[in-house]
Amino acid sequence: PKVSGDVVYVGVKNGEVVRAGTLLVQLDTRDAQKAVRDAQIALESAQLQLEKLKFNQGRDLISLENDIENAQDTITSSREDGFNKVSDAFLDLPDILTGIRGILYDSTVGTSDQTNTGAYQDLMDRYDLMKLVVMINQATSDYLASAEKYDRNLDDYKNATRYSPADQITSLIDETLETARTMAQTVKDEQNLLDAVVSSLKQYQQKRQIPQAITQYQSDISGYIGKLNGFISGLLSIQNTIKNNGQKLEDAQQSLDMAKKFNPFDVISQENVVKQKEAALADAQEDLLNCYIRAPFSGIVTEVNVKKGDSVSGSAAVATVITKQQIAEITLNEIDVAKIKAGQKAMLTFDAIPDLSIAGEVSEIG
């Protein structure tokens, strides 16, 4: 036998004629059958894992490609929205800039030959005058910065269209957001300035009427703040959307590149596992077949060495079978073999048995 085990069946006896393939002895197959079942299950699990891996990888690639497409679409749409928001802003920014300039430099609060900043100082109580001067200087500085950014921003807006390169539109959105922020800070400075003047008048000059121009400026500032905050909020939301989806796009592209690079190796590795499981199943099936010990050729059983219940291993002979066919292999030198032909009659004699002769014929020449 090629495997060890307990004999459960002996199918021949001494002197019995058997054909090639006749079952001589059967060993207990329970362990071998279990090994086959386990190997089959392991193979099916490996095959299922391979199919799952292929499916998931295909699905992952599609998902990543969809993520890339969605991020690109969102960025394109956000840039379009951003350009619209910039266009809306430039409908109002010129008037706002003119308005905040007028609050500082027009001559509507005091006399006709006096700028508003001078009139504010005249209205201010002398104890708080220095604080007001600091506010005026701050508002003036922020206004000049707003005007400079607005002029540059306006030039860039005029040079852009909806069909401009993506980077140019993104830069225009960022630039307009910064302009709106700077103008909003200027408006806040002016609001603080006007509030300080009004507060001083109410506290120290209660009988003096607040100039109508200041009241109008305060009302204008309220409108400026609402518009600028709307632009800032909208542009900031668009800016964040572009930034976040730009990161999503970059991450998805990297993931897709990695998936395309490494996923095939994962599949190959699992395919090798399947091959290993197939080989293990084949080995288990072969071990099961080896539990059935059959006659390798036709002949006569001359000896049965085991009985039911015996334990055998690969070193034990369970039976002896002698073939009825008699073949003698004879070595000849090159000169003699050239004289021999298939079908020739032959007589075999044996030095060790002088009286024995066996007739035969040449069946094959190597």
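Preceding this section is the structure that the text describes.
Numbering of residues starts from 1 in each chain and follows the order in which that chain's sequence is written. Selection of residues for local features in this predicted model requires a pLDDT of at least 70, selection of side-chain atom pairs for listing and counting requires 80 or more, and totals for whole chains, interfaces and linings are taken over all residues. Side-chain metrics rest on all non-hydrogen atoms present in the structure, leaving aside hydrogens and water.

### Some points on the overall build of the chain
Move 1: Assigned secondary structure in the chain consists of 6 helices and 9 strands.
Move 2: The size measure is the radius of gyration over C-alpha atoms, and the globule rule it meets is 2.2 Å times the number of residues to the 0.38 power. Computed over its C-alpha atoms, the radius of gyration of the chain comes to 51 Å, more than 25% above the 21 Å expected for a compact globule of 366 residues.
Move 3: Over its C-alpha atoms, taken along the principal directions, the chain stretches across nearly 160 × 55 × 30 Å.
Move 4: Evaluated residue by residue, the chain yields a buried proportion of 33% over its 366 residues.
Move 5: Here, two residues are considered to be in contact whenever any of their heavy atoms come within 4.5 Å of each other. The long-range share in the chain, meaning contacts at least 24 apart out of those at least 6 apart in sequence, stands at 72%. Numbering goes from the N terminus for both helices and strands, where a helix is a DSSP run of H or I of at least four residues and a strand is a run of E of at least two. A simple rule labels every residue: compare its accessible area, found with a 1.4 Å probe on the protein chains alone, to the largest value its type can have, and call it buried under 20%, exposed over 50%, or partly exposed in between.

### Description of the sheet that holds strand E2 (residues 17-18)
Move 1: In space, the 3 strands of this open sheet follow the order E2-E5-E7, with antiparallel pairing throughout. With partners counted over all chains shown, the strands left at the sheet margins are E2 and strand E7 (319-322), one partner each.
Move 2: Across 2 bridges, E2 lies against strand E5 (residues 299-304) in antiparallel orientation. Bridge pairing in E5 links Val17 to Ile300. Strands pair, by our definition, only if DSSP identifies at least two bridges between them.

### Digging into the packing of helix H2 (residues 116-123) against helix H3 (residues 129-158)
Move 1: Orientation is described by axes fitted as lines to C-alpha atoms, over the contacting stretch for helices, and by angles from 0 to 180 degrees between their N-to-C directions. Look at H2 against H3: their axes get within 9 Å of each other, and the N-to-C directions meet at 160°. By the angle between their axes, H2 is roughly antiparallel relative to H3. Here H2 and H3 pass one another in a crossing that is right-handed. Contact residues: H2 offers Thr117, Tyr120 and Gln121, while H3 offers Leu129, Leu132, Val133 and Ile136.
Move 2: When residues are grouped by polarity, Ala, Val, Leu, Ile, Met, Phe, Trp, Tyr, Cys and Pro land in nonpolar, Asp, Glu, Lys and Arg in charged, and all others, Gly among them, in polar. The class makeup of the residues in the contact of H2 with H3 is 5 nonpolar, 2 polar and no charged. Just so you know how the angles are binned, under 35 degrees is roughly parallel, over 145 roughly antiparallel, 65 to 115 roughly perpendicular, and the rest oblique. For a crossing to be left-handed, the near helix must be turned anticlockwise from the far one by less than a right angle; the clockwise case is right-handed.

### A closer look at the sheet that holds strand E3 (residues 23-27)
Move 1: Read from one edge to the other, the open sheet built from 4 strands follows the order E4-E3-E1-E6, with strand pairing classed as antiparallel. Two strands in the sheet have a free side with no partner beyond their single neighbour: strand E4 (292-294) and strand E6 (311-312).
Move 2: Here 3 bridges tie E3 to E4, and the two strands are oriented antiparallel to one another. Its bridge partner being in E4, Gln26 is matched across the sheet by Tyr292.

### Details of the layout of surface pockets
Move 1: When its volume is computed, the largest pocket comes out at roughly 900 Å³.
Move 2: What lines the largest pocket is a set of 24 residues, among which Ala328, Glu329, Ile330, Glu361 and Val362 lie closest to the centre.
Move 3: When residues in the lining of the largest pocket are grouped by element, the largest group, 5 residues, is from strand E8 (residues 345-350).
Move 4: Across the lining of the largest pocket, the residue classes break down as 14 nonpolar, 6 polar and 4 charged. Lining residues are defined by having an atom within 4 Å of a point belonging to a cavity or pocket. Those points lie on a 1 Å grid over the protein atoms alone, cavities being sets where a 1.4 Å probe fits but cannot get out and pockets being open sets with protein on both sides within 12 Å along at least five of seven lines. Grid points are joined across faces, edges and corners, and a volume is the space filled by probe spheres set on the points.

### Description of the nonpolar core
Move 1: To qualify as a nonpolar core, a set must consist of buried Ala, Val, Leu, Ile, Met, Phe, Trp, Tyr and Cys residues joined through side-chain atoms within 4.5 Å. Of all hydrophobic cores here, the largest spans 49 residues; its most connected members are Tyr120, Leu193 and Val197.
Move 2: At the level of elements, helix H1 (30-105), H2, H3, helix H4 (166-204) and helix H5 (212-289) are the ones that each hand at least two residues to this core.
Move 3: The greatest single-element share of this core, amounting to 14 residues, is contributed by H4.
Move 4: If we ignore the near neighbours within four places in the chain, the residues touching Leu193 are Leu104, Tyr120, Leu132, Met135, Ile136 and Ala139.

Purely geometric stuff here, so don't read any function into it on its own.
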